[in-house]
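# A closer look at the structure
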Amino acid sequence: MQAVLLVGGEGTRLRPLTCKTVKAMVPILNRPFLEHLVSYLAQHGIDDIILTLCYLPDTIEKYFGDGSGFGVKLTYVMEESPLGTAGAVKNAERYLDDTFFVFNGDIFTDLDLKAMLSFHREQKAKATIALTPVDDPTAYGVVEMDSCPRVGRFVEKPKREEVTSNLINAGTYILERDVLTEIPPETRFMFEHHLFPTLLRNGSLICGYPSDAYWIDIGTPQKYCQVQYDLLQGKGRTSLYSRSRREEMSCGARSSIHPMAKVEGPVVIGDDCSIGPHVQLKGPAVIGNNCRILDGAIVERSILWSSVLVGKKACLEDCIVGNNSSIGEGSFVGEGSVIGENVTVTDGSRVEPAEKIWPDTEV
Ligand code: GTP
């Protein structure tokens, strides 16, 4: 089975994390998000994967190569300028045969893909859209059904008073190859604004496939943290973090935790880390590879990428710290703040809650 993964977006909402690292490669429990997605697809028998790239493409290809190390075949299709979600699939047309999946490259889900495919085939749909319920659909693309499961209308980011359904487009589609004829080549074209409305006008059958599977769009800092806290707390599933390891703490190779440090899980610590005396690690938290947390520091409910240095008695609360950044002695990093890569927070500094620090800067 084939799938097209849309991984060409700039990930603006996740900046500054995505200034140097493409959204598909941001770490989730210390492994690139895309590795979780590829592994999930392979488990569902989807082993011929086409990656549509535009922004920062090199790191993805370098990490995954031809996919053989990950049990799949990977094909890379480049866009010179962003073609939008449907335009990117059109650009990959030469690699596609009959029926295929399309995935937004920023959705973490454990949706049953085999069941969705059977449904699509039973309905003889031209397109099937996975739907997920949300409490507040005003930030999303709402999908209205004419008669279940036939989709009647798409309403993008409705006002509260316009909301008629809490089912939103979950960013996973099954398409028949002939719908590609409705997408103009080399033109910016979106699924929700252009292709699906065109198909509806033509009378093509688009079906909705509602499900209450775990679903989260990792595209904002808050959701990026949430997915990891959920996985650590046993919500959602990934084959790269097994149930048997859902213990209070998992500690990577060659990492050391001082006997006087206090770890309250769930916490994942990467390889080659050192956790000093009197450090307090309060989960849910993820510490990347090669991090050093020095004496008396407190790290609570946070995500640290690789090679982060946390100075003595520094205090981090509910924040994200990018690769190669250092937090000076006695500094405070407040709730909801995001520190980009290669940032130096000097000794005794204060990063205010929700503050964003751009890469390669000193605070
Ligand atoms: P924001 O700027 O934060 O909205 O992020 P985004 O544009 O990366 O993501 P958005 O949620 O708008 O898009 C959903 C998915 O489609 C993401 O996985 C993007 O990488 C991908 N995507 C968006 N636009 C393009 C595009 O022009 N080309 C390709 N190949 N992928 C795209």
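Within the structure, the ligand sits among 20 residues, and Leu-6, Thr-12, Arg-13, Glu-79 and Gly-84 are positioned closest to it. Between the ligand and Gly-84, the relevant distance is 2.7 Å, taken from an oxygen atom to a main-chain nitrogen or oxygen of the residue. Contact distances for the ligand include 3.3 Å between an oxygen atom and a side-chain N or O atom of Asp-106. Across the complex, the protein chains shield 83% of the 600 Å² of accessible surface that the ligand would expose by itself. Of all the cavities here, the one that holds the ligand is the largest pocket. For the shell around the ligand, the element with the most residues is helix 3 (residues 84-90), which contributes three residues. Of the residues in the shell around the ligand, the class split is five nonpolar, nine polar and six charged.

Within the structure shown, the criterion is met by one cavity of 30 Å³ or more. Its volume calculated, the largest cavity comes out at about 50 Å³. Residue lining of the largest cavity: Thr-109, Leu-111, Ala-130, Leu-131, Thr-132, Ala-170, Thr-172, Ser-211, Ala-213, Tyr-214 and Trp-215, and that is the complete set. Sorting the residues of the lining of the largest cavity by element identifies strand 8 (127-133) and strand 11 (167-176) as the ones contributing at least two each.

The subject of this paragraph is the domain arrangement of the protein. Per the domain assignment, the segments of the protein are domain 1 (2-217) and domain 2 (247-357). Residue-level contacts link ten residues of domain 1 with 15 residues of domain 2. For the pair domain 1 and domain 2, the number of links is zero salt bridges. One can count two residue pairs in polar contact (both at pLDDT 80 or more) joining domain 1 with domain 2. Of the residues contributing to the side of domain 1 that touches domain 2, the split by class is five nonpolar, two polar and three charged.

In sheet architecture, strand pairing relies on hydrogen bonds along the backbone and comes in two forms, parallel and antiparallel. The parallel open sheet is built from six strands, whose spatial order is 16-19-22-25-28-31. Strands at the two margins of the open sheet, each flanked by one partner only, are strand 16 (262-264) and strand 31 (350-351). Relative to strand 22 (residues 298-300), strand 19 (residues 280-282) runs parallel, the two being bridged by three bridges. Its bridge partner lying in strand 22, Lys-282 is registered against Glu-300.

Strand direction decides the pairing type here: strand 9 (residues 141-147) and strand 10 (residues 150-156), joined by six bridges, are antiparallel. Across the sheet, Val-143 pairs through a bridge with Phe-154, a residue of strand 10. The hairpin formed by strand 9 and strand 10 contains two residues between the paired strands.

Turning our attention to the nonpolar core. Judged by nonpolar contacts, the single largest core of 64 residues is most densely connected at Leu-34, Leu-41, Leu-51 and Ile-60. When we break this core down by domain, the ones giving at least three residues each are domain 1 (2-217) and domain 2 (247-357). Ile-50, Val-77, Val-89 and Ile-129 belong to the second largest nonpolar core, which has 29 residues in total.

Bringing the packing of aromatic side chains into the picture now. What describes a pair of aromatic rings is the distance from one ring centre to the other and the angle between the planes of the rings. Tallying each qualifying case throughout the model produces twelve aromatic pairs. Between the aromatic rings of Phe-119 and Tyr-209, the centroid separation amounts to 5.0 Å while the plane-to-plane angle is 50°, which identifies the pairing as tilted. With a gap of 90 residues between them, Phe-119 in helix 4 (residues 113-123) and Tyr-209 in strand 12 (residues 206-210) connect regions that are remote in the sequence. Of the two residues, Phe-119 and Tyr-209, both sit in the buried class.

Moving on: the layout of surface pockets. Rolling a probe over the atoms, with the probe sized like a water molecule, indicates the empty space that remains. Here the largest pocket is characterised by a volume of approximately 1100 Å³. Along the wall of the largest pocket there are 40 residues; nearest its centre are Arg-13, Thr-85, Asn-104, Asp-106 and Met-190. Those elements that place two or more of their residues in the lining of the largest pocket are helix 3, strand 11, helix 5 (191-201), strand 13 (215-217) and helix 6 (221-232). Counted by class, the lining of the largest pocket contains 14 nonpolar, 15 polar and eleven charged residues. Its boundaries defined by the atoms lining it, the second largest pocket holds a volume of some 340 Å³. As for the second largest pocket, its lining consists of 16 residues, of which Thr-21, Met-25, Pro-27, Pro-32 and Asn-323 are closest to the centre. For the lining of the second largest pocket, the secondary structure elements donating two or more residues are strand 3 (31-32) and helix 2 (58-64). Of the residues in the lining of the second largest pocket, the class split is six nonpolar, seven polar and three charged. Counting contributing residues, the lining of the second largest pocket receives three or more from each of domain 1 (2-217) and domain 2 (247-357).

Reading the values: rules and limits
Residues numbered from 1 in each chain as written. Predicted model: local features only at pLDDT ≥ 70, side-chain atom pairs only at ≥ 80, totals over all residues. Heavy atoms only, no water. Near = heavy atom within 4 Å. Polar contact = N/O pair within 3.5 Å; in protein donor to acceptor, adjacent residues only side chain to side chain. Areas by Shrake-Rupley, 256 points an atom, 1.4 Å probe, with all protein chains shown as cover. 1 Å grid on protein atoms, 1.4 Å probe; cavity = no way out; pocket = protein on both sides within 12 Å on 5 of 7 lines; lining within 4 Å. Sits in = over half its atoms within 2 Å of the grid points. Helix = DSSP H or I, 4+ residues; strand = E, 2+ residues; numbered from the N terminus. Nonpolar A, V, L, I, M, F, W, Y, C, P; charged D, E, K, R; others polar. Points joined across faces, edges and corners; volume = space filled by probe spheres on them. Domains from an automatic or database assignment. Contact = heavy atoms within 4.5 Å. Salt bridge = Lys/Arg side-chain N within 4 Å of Asp/Glu carboxyl O. Pairing = 2+ DSSP bridges. Core = buried A, V, L, I, M, F, W, Y, C linked by side-chain atoms within 4.5 Å. Buried < 20%, exposed > 50% of the residue type's maximum accessible area, 1.4 Å probe, protein only. Phe/Tyr/Trp six-rings, centres within 6.5 Å; stacked < 30°, edge-to-face > 60°.

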